[in-house]
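# Topology and contacts: notes
Chain by chain, the residues run as shown.
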Number of protein chains: 6
Amino acid sequence: MNKKLLETVKQLSDIEDFKDVCHQQNEFTSMPSIDVLGEIVTLTRSILFPGYYGNAAVNSKSMLYHIGVNVDKLLVLLSTQIKAGLVFEKNTQDLPCNDFDTCSREIARKFIMQLPIIRQKLHTDVVAAFNGDPAAKSFGEVIFCYPGLRAITNYRIAHALLKLEVPLIPRIISEIAHSETGIDIHPGATIGEYFTIDHGTGVVIGETAILGNNVKMYQGVTLGAKSFELDVNGNPIKGIQRHPRIGNNVIIYSNSTILGTIMVGDGAIIGGNIWVDKDVAPGSKIVQRY
Amino acid sequence: MNKKLLETVKQLSDIEDFKDVCHQQNEFTSMPSIDVLGEIVTLTRSILFPGYYGNAAVNSKSMLYHIGVNVDKLLVLLSTQIKAGLVFEKNTQDLPCNDFDTCSREIARKFIMQLPIIRQKLHTDVVAAFNGDPAAKSFGEVIFCYPGLRAITNYRIAHALLKLEVPLIPRIISEIAHSETGIDIHPGATIGEYFTIDHGTGVVIGETAILGNNVKMYQGVTLGAKSFELDVNGNPIKGIQRHPRIGNNVIIYSNSTILGTIMVGDGAIIGGNIWVDKDVAPGSKIVQRY
Amino acid sequence: MNKKLLETVKQLSDIEDFKDVCHQQNEFTSMPSIDVLGEIVTLTRSILFPGYYGNAAVNSKSMLYHIGVNVDKLLVLLSTQIKAGLVFEKNTQDLPCNDFDTCSREIARKFIMQLPIIRQKLHTDVVAAFNGDPAAKSFGEVIFCYPGLRAITNYRIAHALLKLEVPLIPRIISEIAHSETGIDIHPGATIGEYFTIDHGTGVVIGETAILGNNVKMYQGVTLGAKSFELDVNGNPIKGIQRHPRIGNNVIIYSNSTILGTIMVGDGAIIGGNIWVDKDVAPGSKIVQRY
Amino acid sequence: MNKKLLETVKQLSDIEDFKDVCHQQNEFTSMPSIDVLGEIVTLTRSILFPGYYGNAAVNSKSMLYHIGVNVDKLLVLLSTQIKAGLVFEKNTQDLPCNDFDTCSREIARKFIMQLPIIRQKLHTDVVAAFNGDPAAKSFGEVIFCYPGLRAITNYRIAHALLKLEVPLIPRIISEIAHSETGIDIHPGATIGEYFTIDHGTGVVIGETAILGNNVKMYQGVTLGAKSFELDVNGNPIKGIQRHPRIGNNVIIYSNSTILGTIMVGDGAIIGGNIWVDKDVAPGSKIVQRY
Amino acid sequence: MNKKLLETVKQLSDIEDFKDVCHQQNEFTSMPSIDVLGEIVTLTRSILFPGYYGNAAVNSKSMLYHIGVNVDKLLVLLSTQIKAGLVFEKNTQDLPCNDFDTCSREIARKFIMQLPIIRQKLHTDVVAAFNGDPAAKSFGEVIFCYPGLRAITNYRIAHALLKLEVPLIPRIISEIAHSETGIDIHPGATIGEYFTIDHGTGVVIGETAILGNNVKMYQGVTLGAKSFELDVNGNPIKGIQRHPRIGNNVIIYSNSTILGTIMVGDGAIIGGNIWVDKDVAPGSKIVQRY
Amino acid sequence: MNKKLLETVKQLSDIEDFKDVCHQQNEFTSMPSIDVLGEIVTLTRSILFPGYYGNAAVNSKSMLYHIGVNVDKLLVLLSTQIKAGLVFEKNTQDLPCNDFDTCSREIARKFIMQLPIIRQKLHTDVVAAFNGDPAAKSFGEVIFCYPGLRAITNYRIAHALLKLEVPLIPRIISEIAHSETGIDIHPGATIGEYFTIDHGTGVVIGETAILGNNVKMYQGVTLGAKSFELDVNGNPIKGIQRHPRIGNNVIIYSNSTILGTIMVGDGAIIGGNIWVDKDVAPGSKIVQRY
């Protein structure tokens, strides 16, 4: 290291220089860890779909032990990460309970108690993917290697955590799926049963989108905001409905973009590569012309 | 763990609850491993393109030793994964030979014996990528860092394994490339020589697509099924031709979607962002209007 | 290994067979390492955004030590990789200084001295992402988990290295971001301040694209070449301007494709899913019809 | 690699050159793995002393799950290593059951069923170490960090496996303890309850040694063979009693050597640094003079 | 897992069966970790002997940064382990401060503040080893590869922690050295400057031993307790002086055993392989006869 | 980090404070790495005893490839470590060739060319261990798990490197064996064929010891220096013969100490626990009395 580098080090360490781009997590708490959250997702999947992920030796006789241990591990890891998320965004006085540790553990327990319901919903998604794809040979294959199901699993986990008011963590969990699959489902979206995404790369489902049951979509589909209202300071107003509502039994083909607070009615079919920013009548079918 | 969690554990371990979402691999065989398959792909690449991947110290004098050892390792790892795939989908009586171990090893050997031919085909793909990209400076750069070539390599490996009737494994290998590159080529597709994909994110090539020689495509291109016939129970019929045929010397620009059992003739050019579901005449050029 | 496999090994080791697909790095130098370059990116981020990445225990008192050590590590790792890139493409006589080691270290030092400026630019990108997304709750969240910012960070690092005439390495760094985020920004592109990409999967920004300040784009946007001139041998001519220029304050919605050496004027808005290959007037707004 | 090295490689690969120093394990079975055996020991300890080793989060409520999972893992890992040991030394026709897999699993099950008894014996050893050392503060401390107990644990595991006629593996397990602690107890030795070794480095207990209850020994003590009978070919005769018998309540101080098939009577005390090759009367005390 | 194994699992999980061999660490605190303590020792060595251990790239210009970062890391890791040790042995009411976290951090800080003094003492030990061994070529060699110095370093670290009343942790640190080097120095021993141990395997130095300056000893030397007084219940009385005092400038040759509360006077020389349980006059020399 | 810790950091970073305990390796060269040297030993063993260590899948057909690759790896790793050792102790002008890189590679090549001879010698050691131990069942068992053979292997490797005038590295290699086995053989010792050490913990063989063929020794045996001559400054004189010579066919029982430049004649037997500092006549037998 020569003189100039030493000066660069000093400049980069100047509080004025880094204060806007440096988050000061409380000194004795770690930042959320993307690696640990990845582990948490893997662990949760191994509880929801026992036998497919994680320890290959799981069999019916020892299922109780394995799920017990995995729930125990999940409780420990998830509590830590929830705490890291709470510390990232909140002060002690904003907490719904006495302290960060108690809150985190309580939320982790509530999440785990929802796993049977999450499994039921994912079961419907597996059925939908299997029925909808001529190439699928078994439920097993869908669970084991369909990226669509992987993204939906992360979404259902992240959505449950968001409902429990965990900050930051749900978003990171959905970004993990986004990076792996190219499918970006915001944890805030509301999605019914028997949901399936084929291929999936480039799919975007926005924060306030609402999807009915039995929706199928292909790669590159966007359910986005057309524009968003600004407040008097010119900043976007938070928490306003700004994404589409999709009815039941809707199919949306690849690379189409559905924008704004429109309604796509039950049973509608949206062809590929088109841009939709007006309501679509139930049962109608729209396609691009060339 | 409190009482409620213990009850949740019991519920999640109930056979009725998990039986549909749990694959029961034969007790003494492991599930296919995505990690090991990733290692197998890396190993195969290091045999096909010696010097670019894996041990950097390879030189011409010791090439024989390195390829010999890598083939030896590949034989061991691939046999295990092929076995895992066979056990996942088949019973002993469905096997073409006496037992899982013999079958798996035999198939692995046959695959390895095809590596020289696979290398020849990939060589044409490298040439095509180099010639087609003004930014490419050498074959080496193409092999070392072009995601298109990476996806095509995984496809050519997976396709060869599929032809050898290995279940599940080819699909996982193509999903590994899909996750890394955003390019989703079904192992069942038939693709000629001098194939090149630029940028590639969002490309989807379906199971029964057939591509001639010297095809070039850009990011976001879909060669998909328009719809698929249902059997009397309303389920999709498997194994029917349902994707496009693409002739020789065809270029397809970004984000276009070619759907159904249509034919795109030799030398055709498809512009970007359009949706094509009818035959395209040889030599013709179609573009979106706005 | 049986006889046939031994023959396959010999065939694959034949110099005629592998000479075109094997790069002969100088015997005593390693190939560039994607893993080490990933580490370099993580290290650089931890210097630019201290506290968010890497060691969670960083606090204001010890910031100087941590940045000092990270700069020291970066100097060592980056010098090695720059050398690997130089050896990959150049001979000693083509170097701007005496030998590979001296050159590599000098370039690494120059890069590090630019980090304060790179941090300033990235700060503007963080501000833009925060202001532009109603879902963003803090600068911290943007830096910690927005894939758009991750891709822009890799771009700004890679661009600085490209300007210092480092071969191959910038391209690998941008491919690392491409694989993680689906966003493919060529290191050669020129991009102004306050740049933001939302969702991002499928974005492609070509080598000679030029973007003004305050540009916002969504997933699936391509800034591509329409065609490129061939030389008398039918090969593409290198280094020619072939991508669009985008003015200041431009918004490009999802999945649109802007092609060729056109100009998109200041303040223009390009709707989603369209294909643009002609100049767009300042302040104008173009959308797809259906 | 130059010419001379290539010749060296050939010479080292000549079958005549390596045939005596190369074990040819059956082609499709691995050699025993010292790393996996180390893992097996750790796993067994975590079952025997739950809470001290391995997962720190074990608590009474989830004990059943954790022990269940650990037993399941142990069954899988141990079966593999037992098989590796059987293949190393035996042919199929020498097996007590149909094939290597069946035998290995059966032996692993029998071993696991002895764990409750092994735990009882080790409990007495913990009590003895605690009572005998003024520095010990709790049973916990003894279990957690006394090398003597670690060596005795490995011995009791290895001894049980030897009794089940597992080849090679018991020896490797005792060598793992030897390397960690400097205490070398042959798995064939017979050792009573309440056994304790203090400090322990250099202790050697031979294959046919027999120790009563409540024996205490210090570092450097040898219970060795004085000489061994040779057969007509001048080779040592296997399986003959050749080590000492030690009665109950005997103390042997540091660095003493007890040799041959002698008897050290109940309650005897052997001072440090002496060489004993004759019977020692019960209750007697022998010391070195200087 | 068959029926019998399930029964074994139940038996091993029975609270009566495991309660004596299971330490119940407070539910939300981990057990001390031997791996982390190994890391702590490595980190402390890299602070004491910068340049020899850990990051090889340390140079004088960046020394401040590296030591600063290592001290920061040490503070974090050591606080956690001290807490784990305190929780293992103490209740909150026994603590010298309000809670475990505060206490642990305070002790870790005090320890770090002693590092300059510990470095001074170790410097004298390096000098002694160098001067005393004809084979030593430089201070560097002694620090880098002499097991005696490694054991003494761990001892000086462990001794400082013991003086700060940290439970369990000092003992584990000395056992780490014991396992690596065969040298077992109790953290409670008192040892002067310029101390050196050659070869070292089998050396034992007891809890209440007191050594002057400039003591040299060889492999296999024991400074042990001859016997210890029992209380009315027949248990050893804790904390009583029971090991030898060794004066200044004493040499003890290999495999000798010095027992009990005797005094070995200044300048004495003890020959090898002998057993000493009486005072040795200053300047005298005792050897074994044969 | 509070104020006092910041002061401690400053003190520890003061050049006066650390200059004596800090080795300044040339800035761009790493220190020798104990981990890499451990890997080198494992690699060398896998060449010498193919099939026992390392890749379990080695079989006779592919032996040439595996040994070729391992020799290639060894050449790379060993060159680096030899360079690190040379830089540690020498200046460029002291080198026998032009620069560190050339020298290191040349020495590594010479070492590799000696491997066939080293294998022959180790073969005699295996034979001796097998013949001498009634418990040994096969050559395989001896090679796979006898610590004595492990220590002798490291010695024969280290001795060859020492003869090639490599500094520091031989010593570290023998310390690796010392730590694993408790056997400390100085690389400078001269040892004949058919050498065997049983159990081994505590064995020390000094730098100038000379052993004939067919020597057997047990745990705790020392071949040490009695005293060493000092120069006029009171420092030990380097390089003088100061350890015993042991003839052919000698047995030395456990824990005995042979000191000084004495001669133990052919066929002599030294009993256990004794201290010998005078010549021992050929064929004689000496024992301790009590």
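So, about the overall build of chain A. Across its full length, chain A holds nine helices and 14 strands. Taken over the C-alpha atoms alone, chain A extends approximately 65 × 60 × 45 Å along its principal axes. Classification of the 290 residues of chain A by burial places 58% in the buried group. Put simply, 45% of the contacts in chain A that link residues at least 6 apart link residues at least 24 apart.

Another point: the sheet that holds strand 13 (residues 275-276) of chain F. All names here are of chain F. Pairing in this open sheet of five strands is parallel, and the strands run 1-4-7-10-13 from one edge to the other. The open sheet has two edge strands with one neighbour each: strand 1 (184-185) and strand 13. Of the strand pairs in this sheet, strand 7 (residues 222-224) and strand 10 (residues 257-259) are connected by three bridges, and their pairing is parallel. When the sheet's bridge partners are listed, Gly-224 is paired in strand 10 with Leu-259.

With 264 residues, the main nonpolar core has A:Ile270, B:Ile270 and C:Ile270 as its most contacted residues. Dropping the residues within four chain positions of it, B:Ile270 is found in contact with B:Ile252, B:Tyr253, B:Ser256, B:Ile258, B:Val264, B:Val276, B:Val280 and B:Ile286. Within the second largest apolar cluster, 263 residues are counted, among which are E:Val276, F:Phe111, F:Ile157 and F:Phe195.

Residues and elements named next belong to chain A. What the domain assignment lists for chain A is domain 1 (28-182) and domain 2 (189-290). In this assembly, 15 residues from domain 1 lie in contact with 12 residues from domain 2. If you tally residues by element for the side of domain 1 that touches domain 2, the top one is helix 6 (residues 115-132), at seven residues.

To continue, consider the relation of the copies chain F and chain E. When chain F is fitted to chain E, the best match, at an RMSD of 0.0 Å, comes from turning it 120° and sliding it 0.1 Å along the axis. One copy is carried onto the other by what is essentially a three-fold rotation axis. Mapped onto chain E, only 14% of the interface residues of chain F again fall at the interface, so the copies present different surfaces.

Our focus in this paragraph is helix 5 (residues 100-113) of chain E. All names here are of chain E. With 14 residues, helix 5 should reach 20 Å at 1.5 Å per residue; the first-to-last C-alpha distance of 20 Å fits that figure. Of all the positions in helix 5, only Cys-103, Ser-104, Ile-107, Ala-108, Phe-111 and Ile-112 are classed as buried. Each buried residue of helix 5 lies within a common arc of 165° when the element is viewed along its axis, so the set occupies one face.

Residue and element names in this part refer to chain C. The strand order 1-4-7-10-13 describes an open sheet built from five strands, whose pairing is parallel. Sheet topology places strand 1 (184-185) and strand 13 (275-276) at the edges, where each strand pairs with a single neighbour. For strand 1 and strand 4 (residues 204-205), the ladder comprises two bridges, and the chain directions are parallel. Considered in strand 4, the bridge of Asp-184 is made with Val-204.

Quite often, the size of an interface is put as the accessible area lost when its parts meet. Between chain F and chain E, the residue contacts involve 50 residues of the former and 49 residues of the latter. Those elements giving two or more residues to the side of chain F that touches chain E turn out to be helix 1 (3-12), helix 2 (15-18), helix 4 (63-89), helix 9 (169-181), strand 7 and strand 10 of chain F. Looking at which element gives the most residues to the side of chain F that touches chain E, the answer is helix 1 of chain F, with six residues. For the side of chain F that touches chain E, the residue count by class is 20 nonpolar, 20 polar and 10 charged.

Its identity is not glycine, yet A:Asn255 carries a phi of approximately 65°, on the positive side. Inspection of the secondary structure puts A:Asn255 in the loop between strand 9 (251-252) and strand 10 (257-259). One non-glycine residue, E:Asn249, lies in the positive phi region at around 55°. Here E:Asn249 falls in the partly exposed class, since 18 other C-beta atoms lie within 10 Å of it.

Attention now moves to the packing of helix 1 (residues 3-13) of chain D against helix 4 of chain F. Two elements in contact, helix 1 of chain D and helix 4 of chain F, have axes whose closest approach is 9 Å; the angle formed by their N-to-C orientations is 135°. The orientation of helix 1 of chain D relative to helix 4 of chain F falls into the category oblique. Helix-helix and strand crossings are classified by hand; for helix 1 of chain D and helix 4 of chain F the assignment is right-handed. Judged by residue contacts, D:Leu5, D:Val9, D:Leu12 and D:Ser13 of helix 1 of chain D engage F:Met63, F:Leu64, F:Ile67, F:Gly68 and F:Val71 from helix 4 of chain F. Classifying every residue of the contact of helix 1 of chain D with helix 4 of chain F gives seven nonpolar, two polar and no charged.

Looking now at the packing of helix 4 (residues 63-89) of chain C against helix 4 (residues 63-89) of chain E. Two elements in contact, helix 4 of chain C and helix 4 of chain E, have axes separated by 8 Å at closest approach and are oriented at 115°. For the pair helix 4 of chain C and helix 4 of chain E, the sense of crossing is left-handed. Contacts from C:Tyr65, C:His66, C:Gly68, C:Val69 and C:Asp72 of helix 4 of chain C reach helix 4 of chain E at E:Tyr65, E:His66, E:Gly68, E:Val69 and E:Asp72. When grouped by side-chain class, the residues that make up the contact of helix 4 of chain C with helix 4 of chain E number four nonpolar, four polar and two charged.

The next subject is the arrangement of the chains. Taking C-alpha atoms only, the smallest gap left between chain C and chain D, which are not in contact, amounts to 10 Å. Between chain A and chain F there is no contact; the minimum C-alpha to C-alpha separation amounts to 10 Å.

For the rest of this paragraph, the subject is the environment of E:Glu7. Relative to the helices and strands, E:Glu7 is located in helix 1 (residues 3-13). For the pair E:Glu7 and E:Val71, spaced 64 residues apart in the sequence, the C-alpha separation amounts to 51 Å.

For helix 6 (residues 115-132) of chain D, with 18 residues, the first-to-last C-alpha span of 25 Å sits near the 26 Å given by 1.5 Å per residue. Where helix 6 of chain D is concerned, the buried positions are D:Leu115, D:Arg119, D:Leu122, D:His123, D:Asp125, D:Val126, D:Ala128, D:Ala129 and D:Phe130. The inward-facing, buried residues of helix 6 of chain D contact helix 3 (34-48), helix 5 (100-113), helix 7 (139-145), helix 8 (147-163) and strand 3 (196-198) of chain D together with helix 1 of chain E.

Our next topic: the environment of D:Thr181. Assignment of secondary structure puts D:Thr181 in helix 9 (residues 169-181). Residue classification places D:Thr181 among the buried residues on the basis of 28 C-beta atoms within 10 Å. Between the C-alpha atoms of D:Thr181 and D:Thr201, which are 20 residues apart in sequence, the distance is 6.2 Å. Apart from residues no more than four positions distant in its own chain, D:Thr181 is found in contact with D:Pro147, D:Arg150, D:Ala151, D:Gly200 and E:Ser179.

Here E:Asp35 is to be found in helix 3 (residues 34-48). The class for E:Asp35 is exposed, based on 7 C-beta atoms found within 10 Å.

Rules and cut-offs
- Once a new chain begins, its residue numbering starts again from 1 and follows that chain's sequence as written.
- For naming, the first written chain is A and the first written ligand is 1, with later ones following in the order written.
- The predicted nature of this model means local features are confined to residues of pLDDT at least 70 and side-chain atom pairs, given and counted, to a pLDDT of 80 or more, with totals for whole chains, interfaces and linings taken over all residues.
- The way it works is that DSSP assigns letters per residue, a run of H or I at least four long becomes a helix, a run of E at least two long becomes a strand, and they are numbered from the N terminus.
- With C-beta atoms placed from the backbone, a residue counts as buried when 20 or more other C-beta atoms lie within 10 Å of its own, as exposed when 12 or fewer do, and as partly exposed for counts between those limits.
- Two residues qualify as a contact pair if the distance between their C-beta atoms, derived from the backbone, is within 7 Å.
- We treat two strands as partners when DSSP finds at least two bridges between them.
- Put simply, a nonpolar core is a cluster of buried Ala, Val, Leu, Ile, Met, Phe, Trp, Tyr and Cys residues tied together by C-beta atoms within 7 Å.
- Boundaries of every domain are those given by an automatic assignment or by a domain database.
- Residues reaching a pLDDT of at least 70 in both copies supply the C-alpha atoms on which the copies are superposed by least squares.
- The span expected for a helix works out to 1.5 Å for each residue beyond the first.
- Arc definition: it is the arc formed by the directions from the helix axis to the C-beta atoms.
- Lys, Arg, Asp and Glu make up the charged group, whereas Ala, Val, Leu, Ile, Met, Phe, Trp, Tyr, Cys and Pro make up the nonpolar group; the residues left over, Gly among them, are polar.
- Angles shown run from 0 to 180 degrees and are taken between the N-to-C directions of axes, each axis being a line fitted to C-alpha atoms and, for helices, limited to the stretch in contact.
- Should an angle fall under 35 degrees it is taken as roughly parallel, and over 145 as roughly antiparallel, whereas 65 to 115 is taken as roughly perpendicular and any remaining angle as oblique.
- For any pair of crossing helices, the crossing counts as left-handed if the nearer helix is rotated counterclockwise from the farther one by less than a right angle, and right-handed if it is rotated clockwise.

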